Structures are given as structure tokens and as C-alpha cells.
Amino acid sequence: EAGVTQSPTHLIKTRGQQATLRCSPISGHTSVYWYQQALGLGLQFLLWYDEGEERNRGNFPPRFSGRQFPNYSSELNVNALELEDSALYLCASSWKTSTDTQYFGPGTRLTVL
Amino acid sequence: GENVEQHPSTLSVQEGDSAVIKCTYSDSASNYFPWYKQELGKGPQLIIDIRSNVGEKKDQRIAVTLNKTAKHFSLHITETQPEDSAVYFCAASKSGNQFYFGTGTSLTVIP
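Below or above, wherever it landed, is the structure these notes cover. Computed from a predicted structure; not experimentally measured.

What counts as what
- Residues numbered from 1 in each chain as written.
- Chains lettered and ligands numbered in written order.
- Predicted model: local features only at pLDDT ≥ 70, side-chain atom pairs only at ≥ 80, totals over all residues.
- Heavy atoms only, no water.
- Phe/Tyr/Trp six-rings, centres within 6.5 Å; stacked < 30°, edge-to-face > 60°.
- Buried < 20%, exposed > 50% of the residue type's maximum accessible area, 1.4 Å probe, protein only.
- Disulfide = S-S within 2.5 Å.
- Helix = DSSP H or I, 4+ residues; strand = E, 2+ residues; numbered from the N terminus.
- Contact = heavy atoms within 4.5 Å.
- Buried area = accessible area lost by both parts, 1.4 Å probe.
- Salt bridge = Lys/Arg side-chain N within 4 Å of Asp/Glu carboxyl O.
- Polar contact = N/O pair within 3.5 Å; in protein donor to acceptor, adjacent residues only side chain to side chain.
- Nonpolar A, V, L, I, M, F, W, Y, C, P; charged D, E, K, R; others polar.

Regarding the packing of aromatic side chains
A ring pair, where both rings are aromatic, is described by two values, the distance of the centres and the angle of the planes.
Part 1 of the reasoning: The full count for this structure, using the stated rule, is 14 aromatic pairs over all chains.
Part 2 of the reasoning: Taken together, a centroid distance of 4.7 Å and an interplanar angle of 45° make the contact between Y25 of chain B and F33 of chain B tilted.
Part 3 of the reasoning: With a relative accessible area of 5%, Y25 of chain B lands in the buried category.
Part 4 of the reasoning: You can call F33 of chain B buried: its relative accessible area is 0%.
Part 5 of the reasoning: Each residue in the set Y35, F45 and F104 of chain A together with Y32, Y36, F99 and F101 of chain B is aromatic and connected to the rest through ring pairs, giving one cluster.

Right, here's the structure in full:
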């Protein structure tokens, strides 16, 4: 069974640009979660989607947004990129609810120059 | 909201020794507690988890204990090996809420 996949692996942007990150969950999983992990830091919760709806978002500005498609894949968009947005962005998926195990993808390394 | 604290932030042990990482949580309604291992350049991988109706769970060299009264849970790794070197994260969750992660413990196993 394929795990969570993310694309691209690496992304380099300049300040002010927009970045789009993609995530495909494990087959059968309906919930997708996005986390930001800045260098040497822990996982900061960004967004949670389930059945196409945004269920919760972390303490991030509105320029961080996303969506979940009918096939449960998800996209994270970061507008007006700032230098401090440079981080590893991790996607996780789970079966249904927040107390189901989350399985993580390998992440997208975003570098903002 | 939930607050998860994790200690220590760094831990060095000799190969073959045991390692213990501790986490506390604030929300007594939290009922699911996973542990993840993250190797350099990779996403976190689930290594063991425990639910609030169980006090202890073991999987080979790895065990997790949960004390609901004190609101803390711990990861125990016995007979450590160099490949156990990684960053370990604990998390807590309850129904309808996202995971709240600890700040991570960097474990180094010295051969």
C-alpha cells in the first residue's frame, strides 16, 4: 500500500511569490493535515481537512490556505512568501477522525530567497 | 487548548543502555497518545501509540506508559542501537481535535 506522497520534494521561491504544495493521502483516508516544521523546531499545526471541508486551522496568517479535492488529495497555498516561511512542510493523513493514527509524507522543503 | 511538554530536549546514551523520554499534557479529555520518530530529512514515522483505556503498551524494544491521573506518558527504548538515533516527538489528541505535538527530543546513541 502506497504511503502519503507529497510534491514537489523541494521548492525554491523568492519573497512575494506564491507556493503551491501537493499531498496525496493513503488510499481510504479522508483526513489530511498540514504542518510546518522550521529548521530545528517542532511541528506546527497549519490546517486540517476532512471530506473536503476545513475542520481547523492553526495560528497562521490567512496567506496560508488550502483545499481538499473530491479524491481527498490536498493542496497548500502560501501567498506573499516571506523569508521565514522557509521550512519543511509535512502532510499527514488519517482514516477518519483526529484520534486515528496520522501517517506522514516525506515533506516538501520550501526555501524562500 | 491542549499543551504538550516534552523532556529532555536532547538525550545521549551509550549503545545498549535504555532511553526514556517523558511528555505531559494539560487536557484531561485527551485520549490518544502517539510517538513518532523522525530521521534527518524524512517525515515523522509512527513507532508506537497508546489510548487512554490502556496503561502500558510494548512492541519489542519500545514501550509506552500512560498515567492519566498525572497526565503524563513516557517512551522507553531498551537495548538502544545506533539506528535509534533520531528526533522523537510525542503527541496528544482527543476526538474532534488536531494532534498537539511536543517539541521533540534529539536522541543520540553512542556506539
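Re the state of the cysteines
Working definition: the covalent bond between the sulfur atoms of two cysteines is a disulfide.
Part 1 of the reasoning: According to the stated counting rule, one finds 2 disulfides over all chains in the structure shown.
Part 2 of the reasoning: Between the sulfur atoms of C23 of chain A and its disulfide partner C91 of chain A the distance amounts to 1.8 Å. Between C23 of chain A and C91 of chain A, the S-S torsion sits near -60°, and that sign places the bridge as left-handed. With C23 of chain A in strand β3 (residues 19–24) and C91 of chain A in strand β9 (residues 87–94), the pair connects residues that are 68 residues apart, well separated along the chain.
Part 3 of the reasoning: A relative accessible area of 2% places C23 of chain A in the buried class.
Part 4 of the reasoning: The buried category is assigned to C91 of chain A, whose relative accessible area is 0%.
Part 5 of the reasoning: Two residues share a disulfide in this structure: C23 of chain B and C90 of chain B, whose sulfurs sit 1.9 Å from each other. Every disulfide takes its handedness from the sign of the S-S torsion; for C23 of chain B and C90 of chain B that torsion is -100°, giving left-handed. Here C23 of chain B, found in strand β3 (residues 19–25), pairs with C90 of chain B, found in strand β9 (residues 86–92); they are 67 residues apart in sequence, far enough to count as distant. In this pair, the class of C23 of chain B matches that of C90 of chain B, namely buried.

A short note on the interface of chain A and chain B
Part 1 of the reasoning: Facing 18 residues of chain A, the contacting portion of chain B comprises 21 residues.
Part 2 of the reasoning: Contact between chain A and chain B buries roughly 1500 Å² in total, counting both sides, with carbon and sulfur atoms accounting for 56%.
Part 3 of the reasoning: Along the contact surface separating chain A from chain B lie 0 salt bridges.
Part 4 of the reasoning: Our enumeration of links across chain A and chain B arrives at 5 residue pairs in polar contact (both at pLDDT 80 or more).
Part 5 of the reasoning: Listed by contribution, the elements that provide at least two residues to the side of chain A that touches chain B are β4 (31–37), β5 (44–50) and β9 of chain A.
Part 6 of the reasoning: Among the residues forming the side of chain A that touches chain B, the class breakdown is 9 nonpolar, 8 polar and 1 charged.

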